[in-house]
Amino acid sequence: MGLFSKKCAYCRNKIEKGKEIKRDVKVPGYIGTHSNNFCCEEHVNKYEQEMEEYTKKSKKSGGCCG
């Protein structure tokens, strides 16, 4: 039964039990890092690279003050 199966945080594919790679990574919308599961080291690197690029982009504020 796949009720509690883990999925890769990058590709969202199911991961076999015992083969997951657990890393603390930055998650948009949260402060600090959180533990996520990945299916391979390549997806860990891609996820971290995309989050780095995401945080580098300047965010335009839409408020009244600027």
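Tracing the chain through its elements places Asn 36 in strand E4 (residues 33–38). Asn 36 sits in the buried class, given a relative accessible area of 18%.

Our focus in this paragraph is the pairing of E4. Here strand E3 (residues 21–26) pairs with E4 via six bridges, running antiparallel. Each residue of the ladder has a partner; that of Ile 21, found in E4, is Phe 38. Linking two consecutive strands that pair antiparallel, namely E3 and E4, is a turn of six residues; a positive phi of about 95° is found at Gly 29 within it.

So, about helix H1 (residues 41–56). Spanning 16 residues, H1 covers 23 Å between terminal C-alpha atoms, matching the ideal 22 Å at 1.5 Å per step. Within the sequence span of H1, burial applies to His 43, Val 44, Tyr 47 and Met 51. For H1, the arc enclosing every buried residue in end-on projection is 105°, short of the 170-degree limit, so these residues lie on one face. Its buried side turned inward, H1 meets E3 and E4.

Rules behind the numbers
Residues numbered from 1 in each chain as written. Predicted model: local features only at pLDDT ≥ 70, side-chain atom pairs only at ≥ 80, totals over all residues. Heavy atoms only, no water. Helix = DSSP H or I, 4+ residues; strand = E, 2+ residues; numbered from the N terminus. Buried < 20%, exposed > 50% of the residue type's maximum accessible area, 1.4 Å probe, protein only. Pairing = 2+ DSSP bridges. Expected span 1.5 Å × (residues − 1). Arc of directions from axis to C-beta. Contact = heavy atoms within 4.5 Å.

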